[in-house]
Each structure stands twice: as C-alpha cells, then as structure tokens.
Amino acid sequence: MSLFSHVFMCLIPALMLTGCRSYQAAQLDWAQERSDWADTSAANVPMTLAEARQCALILNPEINALRLRLLASRRFARAAGWWDDPALDIDALRILRGGPHPWLGGAGLTFTLPLTGVPGLERQVAQAYSRADALSVIVAERELLAEVERLWNACLTDRRCAAAQNDYKARLLDREPQVSALIAAGELPASEGDRLAQELIKLDLACACCGAETVTRQQALRRLLGLHPSTPIDLAADPVRDDTAMPTETDAQNSASGMLPESELELVRHPRVQEKLARLAAGEAELLAEIRKQYPDISLGPKFGHEEGGGRLGVSLGLSLPLWNRNRKGIATAEGGRDAARLAALNEWRSLVAEWHDARRLLQIAEAKERGIREQQLPAALAAAERTELLFRQGEADVTAALAADEQVYMAQEALIEARRVSGEARVSLYKTLVPPLDPERHTKEY
C-alpha cells in the first residue's frame, strides 16, 4: 500500500480517539450534602417575604430540577443539526489457489449529503424545545412564588389568630375572679362559671400556634423553600404587609412581573401560553422534518481498490428509493404530536381566561367582605364592648353582658383575619395572570 494509504489509516483512529468524550462518574457524598443543606438552611432564618421568595428560587428542588432540564435541553440544541459522520468501508479478499496477485483489497469513504435540509430542521426543533423549556422554568417560578406567598400568608394568619386568641383569653381570665365572686354571692348561676371554664378550655385546644394544621403549613413552607426539616420557621413580617391597607390593581400593573391583562386576547402573551406555542412551533418543525425524510439523501464518496497488482480509483454514489415506506410512521407520529400541541396551546389559553375571570370576581368579593368587616363590623363590636364595659363599671350592666361583648369583638377579629387571608389568596391568584408588557417589535416578529 502507498504512503498515503498508511497515513489515512492512522489518521482516522487518531481523530476518533481525540474527538470522543471520556466518561466521568458523578458520585454523591451524602454526609457533605447533608451538612451543606443544614448550613444553608440555618443561614436563611429569620426571613421576610422577599427573602423567602429568593430562598425558594435558589433552594427549591423542583425548580432546580427544571433548570437542570433546561441546561440539558440547551446542550442538546447546541449538539443538534450536525451531518452524519462519514463511513469508511475496507474489504480484503484472497483468491484461493490464486496466481501472482492473490490479494484483492479496497476502501471507500462515503459522505451523506443532506440535500433535504433535515439536520437544519432538527436544529430548529431542538431550539424550539429549548425555548419551551425556558418558558416552563418561568412558569414554574411564577407558580412557586405564588405558592410561597400563599403559605406565607397562611402562616401569618396562624400567628394573628394566636395573638387574637391570647388577647381574648387574657380578657376571660380577668373576668374569671369577678364571675367566681358573683357566683359565690348567688347573683349568677354556677352554669356561667362552667361556661367560662369551657370557653377557656376551647381556646387552649384550638390554639392557632401549635395545632396540627399549623405545623402542616409550616412543614409545607419549609419544603417549598427547600429548607431542612429541622430549620425553625421565623417569619419576620413586613410592617407594610401587616397594615390594613391592601395593594391596589395599580400596584400589580406596575410590578416587575408584568401587568394585569385588559382583555382575554392579551393572555396569549402569558408564559404558560407562550410555552405551549413554543412546543407547537417545535411540532411544526418536526412534522416538516419528517416529511423531508421521505425524500432520499445522497451518499457520495471516493473508492480505492487494489487488484491484480494495481490500484483503482473511483466514486461511489448511493440513495434510497422511496417506493413504499416513505417515512409514513414518522410523519404520522409527528402530525399527531403537532395536533396535540396545538390543542394544548388552545386549552391552556382557555384555562387561563377562566382563571383570570374567576380571580377578578373572587378578589372583588373578598375585598368587599374584608372592607365591610374592617370598616363596619369590627368598629361596631369594639364600640359596643367599650359601652358595655363602661356600663359594667358603673353597675348598670352585668358581667355576662361584658363577656358577650368580649366574645363579639373576638369573633369580629377572627373574621377579619380570615377575610384578609382569603383576599390575599385571591390577589395572589390574580397576580398569577400578569402578562409581560407589550413589545411592538417582538410582537410583530412572533405573531
């Protein structure tokens, strides 16, 4: 064989060895992982709501899994679209009982020319799926922040309820000596003392700071924030959020997350719909690629042979004949996937429209109820309790009336706390429908 042939035979294995990646194991050090988790969790308490949001965005395991999936999708997009590697064919034959040149040999190098443009379409598909995965991360982050705020408000509600219960319990304990003295003097029946004792027992059993539901909510918040289960929950409440003044729609429109939609069609810009549209675009490109695959690619390359002591040089040309297969299965699969992606985008928009209408109605009802309790029911109960207390001190009202007035104040306070929680959840649901501000240039390109 010639010097060129020897160089060629040595070059191919060298390129294969230097161009291939090597394997590296990804081992886990469980003790180190546990230590890092506990140390990171301890560094994130106490925290405000803004800090809790940042903590969830960094430590939440589901979000990190989606980000890892996005990185894999981007790596796949960068690796897609390459032509097939050339194929090297080598054959050697020996003529049995042959003459002076018993050995026959040949070699050929074949390149596949993708004249149909399938590799470029596959790159477009991978890029579209990568964009969809990026939008899915944005959607998941929005859902995560909304759930963090919902659980945060629930935990603050538990703390407010516990404070109201402790205040009411302190008033009952102040009344207890007076009730006991009136019972001993025969001015009150013994059943009033029993009723007061039962009310105190009820408050102890229904303590909002140590109940099973409270512990469950705190554990759910820990899991959502990605904290270690042993990390104490220490909510550093924002004074602005504890105020009775609630944010308005203008605050939402000026928020960094976007603006509230003014029409149903504006919800098309929502990341949830945009993610489905990106997958629809990928499905369209996939279908086009499968249709192109029914047409054959051309295989072309040089061939070298050695026969009867001399060399021969030629060209090989090959192509598949699309007679009966014609990639029917691939086209049918891609077409079904494209139609499913289109329906998913439409259903996502319809679902978002329903959520937008429901959130607006629920917020109006919740804010009206909260405003009524805060501006009418609670002030009326406090004024009635003050009048009753004044009459009680002047001897014109008995202790049962004072106890009833204290109970009405406590019930109004609990109703206001619950109304604030419901309106907060309704506001979170409405904020989940925020859409990005309209960019005319980008809008023209995408739609």
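Residues numbered from 1 in each chain as written. Predicted model: local features only at pLDDT ≥ 70, side-chain atom pairs only at ≥ 80, totals over all residues. Heavy atoms only, no water.

S.K.: Explanation requested: the overall build of the protein chain in the structure shown.
M.R.: Regarding its fold elements, the protein chain presents 13 helices and four strands. Put simply, the protein chain has 447 residues, and 33% of those count as buried. Here the contacts in the protein chain between residues at least 6 apart in sequence split such that 80% fall between residues at least 24 apart. When the accessible surface of the protein chain is summed, it comes to about 27500 Å², and 58% of that surface belongs to carbon and sulfur atoms. (Helix = DSSP H or I, 4+ residues; strand = E, 2+ residues; numbered from the N terminus. Buried < 20%, exposed > 50% of the residue type's maximum accessible area, 1.4 Å probe, protein only. Contact = heavy atoms within 4.5 Å. Areas by Shrake-Rupley, 256 points an atom, 1.4 Å probe, with all protein chains shown as cover.)

S.K.: Would you mind showing me how to read empty space enclosed by the protein here?
M.R.: Over the atoms rolls a probe the size of a water molecule, and in doing so it shows where empty space is left. Under the criterion given, the structure shown has two cavities of 30 Å³ or more. Lining the largest cavity, in full, are Tyr 168, Leu 172, Arg 195, Leu 196, Glu 199, Leu 403, Ala 404 and Glu 407. Those elements giving two or more residues to the lining of the largest cavity turn out to be α5 (118-184), α6 (190-205) and α12 (399-431). Among the residues forming the lining of the largest cavity, the class breakdown is five nonpolar, no polar and three charged. (1 Å grid on protein atoms, 1.4 Å probe; cavity = no way out; pocket = protein on both sides within 12 Å on 5 of 7 lines; lining within 4 Å. Points joined across faces, edges and corners; volume = space filled by probe spheres on them. Nonpolar A, V, L, I, M, F, W, Y, C, P; charged D, E, K, R; others polar.)

S.K.: Teacher, can you tell me more about α6 here?
M.R.: It helps to recall that an α-helix has 3.6 residues per turn; residues three or four apart then point in one direction. The end-to-end C-alpha separation of α6 is 23 Å, in line with the 22 Å expected for 16 residues at 1.5 Å each. Of the residues making up α6, those classed as buried are Glu 192, Leu 196, Leu 200 and Leu 203. Buried residues along α6 cover an arc of 80° about the axis, so they all sit on one side. Among the exposed residues of α6, those pointing more than 90 degrees away from its buried face are Ala 190, Asp 194, Gln 198, Lys 202 and Leu 205. Tucked into the core, α6 has its buried residues touching α5 and α12. (Expected span 1.5 Å × (residues − 1). Arc of directions from axis to C-beta.)

S.K.: Looking at this structure, I do not really get the sheet that holds strand β3 (residues 298-307). What am I missing?
M.R.: Hydrogen bonds along the backbone pair up the strands of a sheet, which may run parallel or antiparallel. Strands sit in the order β1-β2-β3-β4 across an open sheet of four strands; the sheet is antiparallel. Each of the sheet's edge strands pairs with one partner strand only, and the pair in question is β1 (87-94) and β4 (310-319). Across this sheet, the average inter-strand angle for adjacent strands is 15°, counted without regard to direction. Note: strand β2 (residues 103-113) against β3, seven bridges, orientation antiparallel. Each residue of the ladder has a partner; that of Ala 107, found in β3, is Phe 304. (Pairing = 2+ DSSP bridges. Axes fitted to C-alpha atoms, helices over the stretch in contact; angles between N-to-C directions.)

S.K.: Help me understand the packing of helix α10 (residues 271-292) against helix α11 (residues 328-393), please; the structure alone is not making it clear to me.
M.R.: In contact at an axis separation of 8 Å, α10 and α11 are set at 165° when each is read in the N-to-C sense. When the axes of α10 and α11 are compared, the pair comes out roughly antiparallel. Read as a crossing pair, α10 and α11 show a hand that is left-handed. Here the residues of the contact of α10 with α11 sort into twelve nonpolar, three polar and eleven charged. (Parallel < 35°, antiparallel > 145°, perpendicular 65-115°, else oblique. Left-handed = near helix turned anticlockwise from the far one by under 90°.)

S.K.: Looking at this structure, I do not really get the packing of aromatic side chains. What am I missing?
M.R.: Following the criterion strictly, the structure yields one aromatic pair and no others. Geometrically, the ring pair formed by Tyr 168 and Tyr 410 is stacked, given 4.5 Å between the ring centres and 10° between the ring planes. Highlighted residues: Tyr 168 in helix α5 and Tyr 410 in helix α12, separated in sequence by 242 residues. Across this residue pair, the class does not change: Tyr 168 and Tyr 410 are buried. (Phe/Tyr/Trp six-rings, centres within 6.5 Å; stacked < 30°, edge-to-face > 60°.)

S.K.: What am I meant to see in the confidence of the model for the protein chain here?
M.R.: Close inspection of predicted coordinates is inappropriate for parts of the model with low pLDDT. Per-residue confidence for the protein chain averages 82 on the pLDDT scale, and 87% of its residues sit at or above 70. Looking over the protein chain, one finds the lowest element-wise mean pLDDT in helix α9 (residues 249-253), namely 41, and the highest in α10, namely 94. Confidence over residues 239-250 falls short of pLDDT 50; this stretch has 21 contacts with residues more than four positions distant or in other chains. (pLDDT = per-residue confidence, 0-100.)

S.K.: Please clarify how the packing of helix α3 (residues 49-59) against α5 should be interpreted in this entry.
M.R.: Pairs of packed helices are described in terms of their axes, by the angle between the two and the distance that separates them. For the pair α3 and α5, interaxial distance at closest approach is 10 Å and the crossing angle is 140°. Between α3 and α5, the interaxial angle falls into the category oblique. Considering only the axes of α3 and α5, their crossing is right-handed. Where α3 abuts α5, its residues Leu 49, Ala 52, Arg 53, Ala 56 and Leu 57 lie against Glu 141, Leu 144, Leu 145, Val 148, Glu 149 and Trp 152. For the contact of α3 with α5, the per-class residue count stands at eight nonpolar, no polar and three charged.

S.K.: It is not clear to me how the environment of Thr 157 should be interpreted in this structure. Could you clarify?
M.R.: Note on placement: Thr 157 falls in helix α5. When its relative accessible area of 4% is taken as the criterion, Thr 157 is described as buried. Along the primary structure Thr 157 and Glu 418 are separated by 261 residues, whereas in three dimensions their C-alpha atoms are 7.3 Å apart. With near-sequence residues (within four places) excluded, Thr 157 lies in contact with Ile 417 and Arg 421.

S.K.: Would you take a moment to explain unusual backbone geometry for this structure?
M.R.: Even without being a glycine, Arg 326 presents a positive backbone phi close to 50°. A relative accessible area of 36% means that Arg 326 is categorised as partly exposed. A positive phi angle, close to 55°, is found at Asn 327, a residue other than glycine. Looking at the element boundaries, Asn 327 is found in the loop between β4 and α11.

S.K.: What should I look at first to understand a negative patch on the surface in this one?
M.R.: Taken together, the side chains of Asp 29, Glu 33, Asp 36 and Asp 39 present a region of like negative charge at the surface. Among the secondary structure elements, Glu 33 is positioned in helix α2 (residues 30-42). For Glu 33, a relative accessible area of 42% translates into the label partly exposed. (Patch = residues over 30% accessible without salt bridge, like charges linked within 9 Å, V, L, I, M, F, W, Y side chains within 5 Å. Salt bridge = Lys/Arg side-chain N within 4 Å of Asp/Glu carboxyl O. Lys, Arg positive; Asp, Glu negative; His and termini not counted. Charge placed at Lys NZ, Arg CZ, Asp CG, Glu CD.)

S.K.: Just to check I follow, could you spell out the pattern of salt bridges for this structure?
M.R.: Close approach of charged atoms lets side chains of opposite charge pair. What the rule picks out here adds up to 25 salt bridges. One salt bridge in this structure joins Glu 149 and Arg 53, with 2.6 Å as the shortest N-O distance. One end of the pair, Glu 149, is in helix α5; the other, Arg 53, is in helix α3, and 96 residues separate them in sequence. On the basis of relative accessibility, which here comes to 11%, the residue Glu 149 falls in the buried class.

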